[in-house]
Amino acid sequence: MGNNETRITKAVCNMCHARCRVDVHSQEGRLIKIETDRTFPKQDRVAPPIEGCLRMRGVKEWFYHPDRVNYPLKRAGKRGEGKWQKITWDQALDEVAQNLAKIKEKYGPEGIAFTGGTGRINHESHARFENLLGSPNSISSGNVCHCPVVAVASAMLGWNVRHRTMATVATGEGGTKCAFLIGINPAQSVPPLWKSILDGRRSGMKLIVADPRRTEAASLADLWLQLRPGSDTALLLSMINVIIEEGLYDREFVEKWCYGFNEVANRAREYPPQRVADITWIPAERIREAARLYASSKPAMTAHGMGTEQLSDAIYAIQARFILCAITGNVDKQGCDYITGPSRAIPLAEITAERLVSSEQKKKQIGADRFKLLTWPGRDLMEESIKKVWGQENGIAPSKATAHEPTVYRAMLSGKPYPVRAAVTSNSNPLITRPNVKLVYEALKSLDFYVVIDFWKTPSAEISDYILPSASWLERPFLRDNTGEDCELYGGEAALPASIEGEYDHKTDYEIYRELGIRLGQKEDWPWKNMEELFTYRLKPLGVTFEEFMAKGGYDFPPPRYKKYEQMGFGTPTGKLELSSTIFEKLGYDPLPKFQENYENPVSRPDLAKEYPLMLITGGRFHPMFHSEFFNVDSARKHHPHPLLQIHPETAKKLDIADGDWVWVETLRGRVRLKAKHFAGIDPRVVHGEHGWWFPELPGEEPWLHGVWESNINVVTDDDPDHCDKLSGGWPLKTALCKVYKLKTYA
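Residues numbered from 1 in each chain as written. Predicted model: local features only at pLDDT ≥ 70, side-chain atom pairs only at ≥ 80, totals over all residues. Heavy atoms only, no water.

(A) The overall build of the protein chain, seen in detail. Along the backbone of the protein chain there are 31 helices and 27 strands. The globule rule puts the C-alpha radius of gyration for 747 residues at 27 Å, and the 25 Å found for the protein chain is close to it. In terms of its C-alpha atoms, the protein chain occupies a principal-axis envelope of roughly 70 × 70 × 55 Å. Relative to its 747 residues, the protein chain shows a buried fraction of 67%. When contacts within the protein chain are restricted to residue pairs at least 6 apart in sequence, long-range pairs at least 24 apart make up 75% of them. Approximately 26200 Å² of the protein chain is accessible, and the part contributed by carbon and sulfur atoms is 49%. (Helix = DSSP H or I, 4+ residues; strand = E, 2+ residues; numbered from the N terminus. Rg over C-alpha atoms; globule rule 2.2 N^0.38 Å. Buried < 20%, exposed > 50% of the residue type's maximum accessible area, 1.4 Å probe, protein only. Contact = heavy atoms within 4.5 Å. Areas by Shrake-Rupley, 256 points an atom, 1.4 Å probe, with all protein chains shown as cover.)

Laid out in structure tokens, this is it:
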């Protein structure tokens, strides 16, 4: 290649969950520009379009950022002092492997925990390493994002419906007539879904949105249900009640394909609109109107987000969502909630070596004795029926068999039920993204050994022993079927070199875990030298290598097969869609959804509400940030420079808080400072605090840690296991009591 010759590579962007296929233009290994891949069948599926994406506009700034970790680093002083020594990869991998081996020998593999983030890595790589090592203690944010819906759908429908990150409403002939969104604002979080909703609205599709805030989606809706934070389950059960009592359900589908309808009908009678109006703050007639509109507009689809998944009764809320779909017959049909089934590739569960995890180690998984649905007891129970129908497992264990993260951190501190003395964090920032950060900090600082794999010196990386520089999406290939849960499969190539002599030396997470595995005696279990070889193995059923797959377009999108249940039933113990879950019942839980007041609101704690009178929601998405990412990118920070607290103008006036004032937000667990943003689209009794905030421009050494204590909303959130979802262990991030007061400043 000549010096001026441009190379165009088809890669998959991983800067959000849309995972767009793009053309990467480069010269001599240097990034020139990125454009939409016009050959990709789904290239027009996002809003805004790729060229309008703020993250994509700043991609060169992000990739070549001067603060990126470009070589392995070893702590040179005390943990948290900010003193680092540049070392070679061989030294780093040797020493990390030696330290992990020491912990394993002394405490067993369960003494090593693995923390993960939100899809920045090749999940099967770290899952394979953990399973081969024998550790049952993989923890991730998935416990309150992605995993709950996968588990509930698997228990009720025998496979997952198309996840929100890939779901769209159908347009055109036979398209979706009504979409019901609850706890999700796709305009800020799910570009493909948002694009399809905009298209659907132009075609006359009805839209119902349940959200405490007037989001972009709520502003577009025919019906906006402004519910009290944490009352999702009550609202859904009341809508189910209306549909059943008024005979609006699909009798034929229910009688032939649903299990437990009478039990659901009896439970729903406990939630008439008149009662639920008091719980949700939504007028009873508006609840009836929403139920009638959804039930009478077929086909209809539903989608929920982390607004629903981050509640103390999240599992029952999601169960109620699927009951709503089922009793109206809006399941596995065109324009409805679609059960995808697996892709044609070799199942990811084989790649992750799940079958090699012994029953003895599964029993040691922290939290599995209490929060059974998302740990190994639930995973194993669901897979028995799923494999009978589909012939394989649904997804990978990190999607449905994670240890309980808050309990793992407590084990690090207490040694109970046994010592956890080491942790490996993969492209995640637990000091920013996990609740009750003070406890997380104490737990990670207490470890004998801590290693972080990341692009940056995050606050979490700053208190580690080693930082291993990870290759980004531009430097590694891609092959995905949504962690093994979707029938659609597509790929992307590595567009830029992961290593340029004298500039940087990154490795893919697959290479890192493979090299560590080899050093720990797993050589025979890592037959694929790189990700391309691994992907070629996964594509074996298609009869192509990864290179050939990409040459042929790089995707395998089988035409949808609707009403699959008519030929194969549902992958559940009864073979039917289980409105009343036999899986839940076998695990010792109520098989039917029920509303439970969360542990910190004006109803459950009127005594606490006297001092902390406002309800605090956290975690609403905002561009161009993505969780705790892009805060170090200047163009992103200029677009959104300050951490904001949305507060109703009436409430702000009572508290003498002007728009733009810095304020303290305080709960029982601490306080952080945010900038007040007057917002009439929120109830005066509620405030919303942005999450993910840290300040990379501040020093990395303690006590600074890049401003981890300044405006990080997770300083004030709750992770008490007694307050978590009883089935899944998910922590409540949308319900807390707080007080807000002006920060004293000087002109």
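Additional details are given in the paragraphs that follow.
(B) Quick look at helix H7 (residues 191-202). In this model, H7 (12 residues) spans 17 Å end to end at C-alpha, consistent with the 16 Å of a helix rising 1.5 Å per residue. Along H7, the residues that are buried comprise Pro-191, Pro-192, Leu-193, Trp-194, Ser-196, Ile-197 and Gly-200. Directly after H7, the chain includes Gly-204, whose backbone phi takes a positive value near 95 degrees. (Expected span 1.5 Å × (residues − 1).)

(C) Broad picture of the packing of aromatic side chains. The final tally for this structure, using the stated rule, is 29 aromatic pairs. Aromatic pair Phe-63 and Tyr-504: ring centres 6.0 Å apart, planes at 90 degrees, arrangement edge-to-face. Of this pair, Phe-63 sits in helix H2 (residues 59-63) while Tyr-504 sits in strand E19 (residues 504-505); the two residues are 441 residues apart in sequence, bridging distant segments of the chain. For Phe-63, a relative accessible area of 3% puts it in the buried group. Residue classification places Tyr-504 among the buried residues on the basis of a relative accessible area of 5%. Note on Trp-693 and Phe-695: the rings are 5.8 Å apart at their centroids and 35 degrees apart in plane angle, and the pair reads as tilted. According to the relative accessible area criterion, Phe-695 is buried, its value standing at 10%. A connected cluster of aromatic rings, assembled from ring pairs, spans Phe-40, Phe-478, Tyr-490, Tyr-555 and Phe-557. In this arrangement the basic side chain of Arg-128 is found over the ring face of Trp-526, its NZ or CZ atom lying 5.6 Å from the centre. Between the NZ or CZ atom of Lys-362 and the centre of the ring of Trp-376, over which it lies, the distance is 4.3 Å. (Phe/Tyr/Trp six-rings, centres within 6.5 Å; stacked < 30°, edge-to-face > 60°. Lys NZ or Arg CZ within 6 Å of the ring centre and 35° of its normal.)

(D) Just the environment of Phe-622, in detail. Assignment of secondary structure puts Phe-622 in the loop between strand E22 (614-618) and helix H30 (634-639). If we skip the residues at most four places from it in the chain, Phe-622 touches Gln-188, Phe-631, His-640, Glu-690, His-691 and Trp-693.

(E) Structural context of the packing of helix H20 (residues 405-414) against helix H22 (residues 437-446). At a minimum axis distance of 8 Å, the contact between H20 and H22 shows a crossing angle of 50 degrees. Of the possible angle classes, the one that applies to H20 and H22 is oblique. In the crossing of H20 with H22, the sense of the turn from one axis to the other is left-handed. Residues Tyr-409, Arg-410, Met-412 and Leu-413 of H20 form the contact with H22, whose own contacting residues are Leu-439, Val-440, Glu-442, Ala-443, Leu-444 and Ser-446. Class assignment for the residues of the contact of H20 with H22 results in seven nonpolar, one polar and two charged. (Axes fitted to C-alpha atoms, helices over the stretch in contact; angles between N-to-C directions. Parallel < 35°, antiparallel > 145°, perpendicular 65-115°, else oblique. Left-handed = near helix turned anticlockwise from the far one by under 90°. Nonpolar A, V, L, I, M, F, W, Y, C, P; charged D, E, K, R; others polar.)

(F) Examining helix H12 (residues 273-280) more closely. Among the residues of H12, Pro-273, Val-276, Ala-277, Ile-279 and Thr-280 are the ones counted as buried. End-on view of H12: buried residues confined to an arc of 165 degrees, all on one side of the axis. Exposed side chains of H12 directed beyond 90 degrees from the buried face belong to Gln-274 and Asp-278. Among the residues trailing H12, Trp-281 stands out with phi positive, at a value near 70 degrees. (Arc of directions from axis to C-beta.)

(G) Quick look at the sheet that holds strand E9 (residues 206-210). Strand order in this open sheet of four strands is E10-E9-E8-E12, and the pairing throughout is parallel. Single-partner strands in this sheet number two, and they are strand E10 (223-225) and strand E12 (300-304). Strand-to-strand, the axes of this sheet are offset by a mean angle of 15 degrees, without reference to chain direction. Where E9 lies against E10, three bridges are found, and the strand directions are parallel. Looking at E10, one finds that Ile-208 is bridged to Leu-223. Relative to the sheet, H7 contacts strand E8 (178-182), E9 and E12, its axis offset from that of E9 by approximately 135 degrees. (Pairing = 2+ DSSP bridges.)

(H) Molecular detail of the pairing of strand E25 (residues 670-678). In terms of strand pairing, strand E23 (residues 644-647) meets E25 through four bridges, oriented parallel. The residue of E25 that forms the bridge with Leu-644 is Lys-675. Both strand E24 (residues 662-667) and E25 contribute to a ladder of six bridges, which runs antiparallel. If you follow Trp-662 over to E25, its bridge partner there is Lys-675. Counted between consecutive antiparallel strands, the loop separating E24 from E25 contains two residues.

(I) Spotlight on the sheet that holds strand E15 (residues 466-469). Taken in spatial order, the seven strands make up an open sheet running E5-E4-E15-E14-E13-E6-E7, and their pairing is mixed. In this open sheet, the two strands that pair with only one neighbour each are strand E5 (84-86) and strand E7 (138-140). Strand-to-strand twist in this sheet, taken as the mean axis angle between neighbours without regard to direction, amounts to 20 degrees. Examined bridge by bridge, strand E4 (residues 73-75) and E15 share two bridges and lie antiparallel to one another. Its bridge partner being in E15, Leu-73 is matched across the sheet by Ile-467.

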